[in-house]
Amino acid sequence: MSDLDLTSWTCPAPLRDRPRVVMGHGGGGALSAELVQQIFAPAFGGEVLAQMGDAAVLSLGGARLAFSTDSYVVRPLFFPGGSIGDLAVNGTVNDLAMSGARAAYLSCGFILEEGVELETVTRVAEALGAAARTAGVEVATGDTKVVESGHGDGIYVNTAGIGVVPAGVDLRPQRVVPGDVVIVSGAIGVHGVAVMSVREGLEFGVEIESDCAALGGLVDTMLAVTPDLHVLRDPTRGGLAASLNEIAAASGAGVVVRERDVPVPPAVANACAILGLDPMYIANEGKLVAFVPREHADAVLDAMRAHPLGADSAIIGEAVEAHPGMVVARTGLGGTRVVDLPLGEQLPRIC
Amino acid sequence: MKYIDEFQDPALARRLLDEIRATVTRPWALMEVCGGQTHSIIRHGLDQLLPDEVELIHGPGCPVCVTPLEVIDKALEIASRPDVIFCSFGDMLRVPGTGRDLFQVRGEGGDVRVVYSPLDALRIAQQNPDREVVFFGIGFETTAPPNAMTVHQARRHGVKNFSMLVSHVRVPPAIEAIMSSPSCRVQGFLAAGHVCSVMGMGEYPELAERFRVPIVVTGFEPLDILEGVRRTVAQLERGEHTVDNAYARAVRPEGNPAARAMLEDVFEVTDRAWRGIGVIPDSGWRLSPKYRDHDAEHRFSVEGIRTEEPAECRSGEVLQGLLKPHECAAFGTLCTPRTPLGATMVSSEGACAAYYLYRRLDVPAATAREASPVV
């Protein structure tokens, strides 16, 4: 185990083995990463893009700005605990928050499918506006396009956002060092299971509401304890497993997670058990994972727990020197397992 | 659902492990038949916790893994047709046929849909009377009853545009085939609890007696599996070979009579090819003549498909318990979940995928060196 050459485990096949886009290319896992690394990044060039963070941090006019964009194609448009409007605000606000920035302005692009009821458009717009007010961000510019019936899925929304990164804050996976403590801000897997329950018509005995929320305030609270946080991520597509793997790969550190300490609500655990899914890979929309220097960990955790969006925060593991670039879970019974980057989408099992 | 925590209790697990350690006096090789058990064993690290004398061999019980290439190629052919809506459980979509998978068919414009129940596929057929709706009916005795019920309902309600591509397999003939192999090392079986919850335990005493092998019906949570191991090892140490039910909360000796009656009505036993293993006599089900109108193989002309298995893939030996996944030279290099050579690397319940996903750190370095990248 000690002299295993881990680099030999990477997949030798190039992306273009698949001649066409498949759903997994949008799943936030290995296929998504290959799409960006092998097609988009080489085509676009540029040093800023190479940072590959949730948001780009730019120097402009003497200020450090965070800049991010995301598109929202969720189905159904409304789900327990939120809507595509909430997601379009909170997702981009959170991408900025993960660089330490409070979002200031958003752009908003609507792609509407011919035939969608205006009442639905109104509800989405109102939800989007309300979420923006809650997050303390202003929608400053926008765009609307309409596509023919059958060429869309009702409503797609794109948002982009900018905010200012405070002085002294430098959140990057490259800052992670062995000994850093890994904290999550609460229960994981909730959003993904909530959306799945309505999209697929599945019922799990109790209604599960999405955790969709803007995390700027929680991040402010953490930075008030110390600006010396090493990295933050909001574990959306691909879930906690994808975020931890991205950080491990970019930092070169190993990551150990104690499975029993990862907060998974019983309803999420049950739904995942039924479908054969792993909560670590399920999407979240109102949670963050932080790598914090050990000496600050307790104080940061206390501050998070005092915030409404971090009440169930928990220390789940640490960065280690062993198995660089890999995430390993200690199982509840005392075994270990590798927690890999998801390939594409998780697939419900047959039985 | 409180059962999930109860059957993962570390203190109880330690007690069972202590008891197994106290009982075992020499090496034993046990086969867990079901891929769900394999997944649970590897995911929770049970094989790391068991004493060295107890070796777990992973059996052929992953329905996705054993579905023959020819059937998958038929599915790809049918799913590619513009008039067809092809419905399947999710984990079949990534299984490679010859050169492509159902995801790629969908990427090329095929209407391939993931469903959570075969009845969802029937509903899609009722909502789309101008399209042909085909459901991919694979799996063991666990998925066969709802699939049988769906075909029954389609006939009863006259849903003429619904058909099923059937490739169901049965566990007992597979156990018989494994035990009959001259290279077989299996000394005890952890039988699949959910299969027995449908079929009961009636097929096992004859097998246990003929091959002088203990068969313990076992569930899927970590404590279920440890209890199954404990009872199997206890029998082996005593020189016994009986059928024992360690999953009594779900399995009655007679199984589920209503489900069995439905199976008998809709299906008939047939010889069936298992991917990587070959044809096992009487090991499958096909639709009986009464339901032939709903048989996709009859409805669509998909004969004469020529299949081609990757020469490097040794999943057949893995499925028979003759080879551990990491002992294959292609494991982790030519063959990964991203580019699987065989279905055991694709299915989430496949032994190779379980090893790749969860156990890469433990693979002996010597094996990893042998398996150096080829490209």
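Fair warning: this is a prediction, and the values are worked out from it, not measured in the lab. (Residues numbered from 1 in each chain as written. Chains lettered and ligands numbered in written order. Predicted model: local features only at pLDDT ≥ 70, side-chain atom pairs only at ≥ 80, totals over all residues. Heavy atoms only, no water.)

1. Quick word on the overall build of chain B
Okay, step 1: Within chain B one finds 19 helices and 11 strands.
Okay, step 2: Taken against the 2.2 N^0.38 rule, which gives 21 Å for 375 residues, the C-alpha radius of gyration of chain B at 21 Å falls within 12% of a compact globule.
Okay, step 3: Dimensions along the principal axes, computed over C-alpha positions, put chain B at roughly 65 × 55 × 40 Å.
Okay, step 4: Here chain B, with 375 residues, has 62% of them falling under the buried criterion. (Helix = DSSP H or I, 4+ residues; strand = E, 2+ residues; numbered from the N terminus. Rg over C-alpha atoms; globule rule 2.2 N^0.38 Å. Buried < 20%, exposed > 50% of the residue type's maximum accessible area, 1.4 Å probe, protein only.)

2. Observations regarding the packing of aromatic side chains
Residue and element names in this part refer to chain B.
Okay, step 1: Taken as a whole, this structure holds 7 aromatic pairs over all chains when the rule is applied.
Okay, step 2: Between Phe 89 and Phe 135 the ring centres are 5.4 Å apart and the planes differ by 85 degrees, which places this aromatic pair in the edge-to-face class. Taken together, the residues span a long stretch of sequence, with Phe 89 in the loop between strand S3 (84–88) and helix H7 (102–107) and Phe 135 in strand S5 (residues 132–139) at a distance of 46 residues.
Okay, step 3: The buried category is assigned to Phe 89, whose relative accessible area is 7%.
Okay, step 4: Taking 5.8 Å as the distance between ring centres and 65 degrees as the angle between the ring planes, the aromatic pair formed by Phe 140 and Trp 274 counts as edge-to-face. Pair noted here: Phe 140 is in the loop between S5 and helix H9 (144–156) and Trp 274 is in strand S10 (residues 267–274), with a separation of 134 residues, a long-range link. For the pair Phe 140 and Trp 274, a shared accessibility class is recorded, and that class is buried. (Phe/Tyr/Trp six-rings, centres within 6.5 Å; stacked < 30°, edge-to-face > 60°.)

3. Digging into helix H2 (residues 10–23) of chain B
Residues and elements named next belong to chain B.
Okay, step 1: With 14 residues, H2 extends 20 Å from end C-alpha to end C-alpha; this agrees with the ideal 20 Å at 1.5 Å per step.
Okay, step 2: Buried within H2 are the following residues: Ala 13, Leu 16, Leu 17 and Ile 20. Around the axis of H2, the buried residues are gathered within 100 degrees of arc, so they sit on the same side. Counted as exposed and oriented over 90 degrees from the buried face of H2: Arg 14, Arg 15 and Ala 22.
Okay, step 3: Each element contacted by the buried residues of H2 is listed here: helix H4 (46–49), strand S2 (54–61) and helix H13 (222–238).
Okay, step 4: Capping of H2 at its N-terminal end is provided by Asp 9; its side-chain oxygen lies 2.8 Å from the backbone amide nitrogen of Ala 11. (Expected span 1.5 Å × (residues − 1). Arc of directions from axis to C-beta. Contact = heavy atoms within 4.5 Å. Polar contact = N/O pair within 3.5 Å; in protein donor to acceptor, adjacent residues only side chain to side chain.)

4. Quick look at the side chain of A:Asp340
Okay, step 1: On the secondary structure map, A:Asp340 appears in the segment after strand S14 (336–338).
Okay, step 2: When residues no more than four places from it in sequence are discounted, the contact partners of A:Asp340 are A:Ala241, A:Asn245, A:Tyr281, B:Tyr356, B:Leu357 and B:Arg360.

5. What to know about a nonpolar patch on the surface
All names here are of chain A.
Okay, step 1: Residues Ile 39, Phe 40, Phe 44 and Leu 49 make up a contiguous nonpolar surface patch of roughly 370 Å² in combined accessible area.
Okay, step 2: Mapped onto the elements of the fold, Leu 49 is located in the loop between helix H1 (30–44) and strand S1 (56–60).
Okay, step 3: Judged by relative accessible area, which is 37%, Leu 49 ranks as partly exposed. (Patch = residues over 30% accessible without salt bridge, like charges linked within 9 Å, V, L, I, M, F, W, Y side chains within 5 Å. Areas by Shrake-Rupley, 256 points an atom, 1.4 Å probe, with all protein chains shown as cover. Salt bridge = Lys/Arg side-chain N within 4 Å of Asp/Glu carboxyl O.)

6. Re the environment of A:Val262
All names here are of chain A.
Okay, step 1: Mapped onto the secondary structure, Val 262 falls in the loop between strand S10 (254–258) and helix H7 (266–275).
Okay, step 2: Note: C-alpha distance between Val 262 and Gly 186 (76 residues apart in sequence) is 8.6 Å.
Okay, step 3: For Val 262, the contacting residues outside a window of four places in its chain are Ile 188, Leu 240, Val 257, Met 280 and Ile 316.

7. Focus: the sheet that holds strand S5 (residues 102–113) of chain A
All names here are of chain A.
Okay, step 1: Taken in spatial order, the 5 strands line up as S1-S2-S7-S5-S6 in an open sheet, and their pairing is mixed. Single-partner strands in this sheet number two, and they are S1 and strand S6 (138–147). When the angles between neighbouring strand axes are averaged without regard to direction, this sheet yields 20 degrees.
Okay, step 2: Where S1 lies against strand S2 (residues 63–72), 5 bridges are found, and the strand directions are antiparallel. Note that in S2 the partner of Ala 56 across the bridge is Phe 67. (Pairing = 2+ DSSP bridges. Axes fitted to C-alpha atoms, helices over the stretch in contact; angles between N-to-C directions.)

8. Describing the pairing of strand S8 (residues 181–184) of chain A
Residues and elements named next belong to chain A.
Okay, step 1: Burial along S8 is two-sided: the face carrying Val 181 and Ile 183 and the face carrying Val 182 and Val 184 are both buried.
Okay, step 2: Where S8 lies against strand S11 (residues 289–292), 4 bridges are found, and the strand directions are antiparallel. Pairing of Val 182 across the sheet is with Phe 291, part of S11.
Okay, step 3: Where S8 lies against strand S12 (residues 314–320), 4 bridges are found, and the strand directions are antiparallel. Each bridged residue has a counterpart across the sheet, and for Val 184 the counterpart in S12 is Ala 314.

9. A closer look at the side chain of A:His191
Residue and element names in this part refer to chain A.
Okay, step 1: Here His 191 lies in helix H4 (residues 190–199).
Okay, step 2: Among the residues examined, His 191 registers a relative accessible area of 6% and is labelled buried.
Okay, step 3: Within the local environment of His 191, its side chain forms a polar contact with the side chain of Ser 210, the two groups lying 2.7 Å apart.
Okay, step 4: Residues contacting His 191, with those up to four places away along its chain left out, are Phe 79, Leu 87, Ser 210, Asp 211, Ala 283, Asn 284 and Glu 285.

10. Regarding the nonpolar core
Okay, step 1: Among the nonpolar cores identified, the biggest contains 90 residues, and B:Ile78, B:Phe86, B:Phe136, B:Phe162, B:Phe189, B:Tyr204 and B:Phe267 are the most heavily contacted of them.
Okay, step 2: Once residues within four sequence positions are removed from consideration, B:Phe189 is found in contact with B:Met31, B:Val33, B:Ile175, B:Ile178, B:Met179, B:Val213, B:Pro214, B:Ile215, B:Val216 and B:Thr232.
Okay, step 3: Core analysis: the second largest hydrophobic core is formed by 51 residues, A:Ile84, A:Leu171, A:Val195 and A:Ala297 among them. (Core = buried A, V, L, I, M, F, W, Y, C linked by side-chain atoms within 4.5 Å.)

11. A few points about empty space enclosed by the protein
All names here are of chain B.
Okay, step 1: Inspection of the entire model under this criterion finds 6 cavities of 30 Å³ or more.
Okay, step 2: Its volume calculated, the largest cavity comes out at about 80 Å³.
Okay, step 3: Contributing to the lining of the largest cavity are 14 residues, with Cys 313, Arg 314, Cys 328, Cys 335 and Cys 352 lying nearest its centre.
Okay, step 4: Among the elements of the structure, helix H16 (315–319) and helix H17 (343–346) are those that each provide at least two residues to the lining of the largest cavity.
Okay, step 5: Class assignment of the residues belonging to the lining of the largest cavity gives a composition of 10 nonpolar, 3 polar and 1 charged. (1 Å grid on protein atoms, 1.4 Å probe; cavity = no way out; pocket = protein on both sides within 12 Å on 5 of 7 lines; lining within 4 Å. Points joined across faces, edges and corners; volume = space filled by probe spheres on them. Nonpolar A, V, L, I, M, F, W, Y, C, P; charged D, E, K, R; others polar.)

12. Points about helix H14 (residues 257–266) of chain B
All names here are of chain B.
Okay, step 1: Buried within H14 are the following residues: Ala 259, Met 262, Leu 263 and Val 266. Seen end-on, H14 carries its buried residues on one side only, within an arc spanning 100 degrees.
Okay, step 2: Looking at the buried residues of H14, the elements they touch are H9, helix H11 (193–199), S10 and strand S11 (278–287).

13. Re the pattern of salt bridges
Okay, step 1: The tally for this structure, following the rule as stated, stands at 38 salt bridges over all chains.
Okay, step 2: A:Arg102 serves as the salt-bridge partner of A:Asp220, at 2.7 Å between the closest nitrogen and oxygen. One end of the pair, A:Asp220, is in helix H5 (residues 216–225); the other, A:Arg102, is in strand S5, with 118 residues separating them in the sequence.
Okay, step 3: By relative accessible area, A:Arg102 is classed as partly exposed at 38%.
Okay, step 4: In this structure, A:Glu318 and A:Arg294 form a salt bridge, with 3.8 Å as the shortest nitrogen-oxygen distance. Here A:Arg294 lies in helix H8 (residues 294–305) and A:Glu318 lies in strand S12, a separation of 24 residues in the sequence.
Okay, step 5: Several salt bridges share partner residues, and in doing so they unite B:Glu19, B:Glu227, B:Arg230, B:Arg231 and B:Asp244 into one network.

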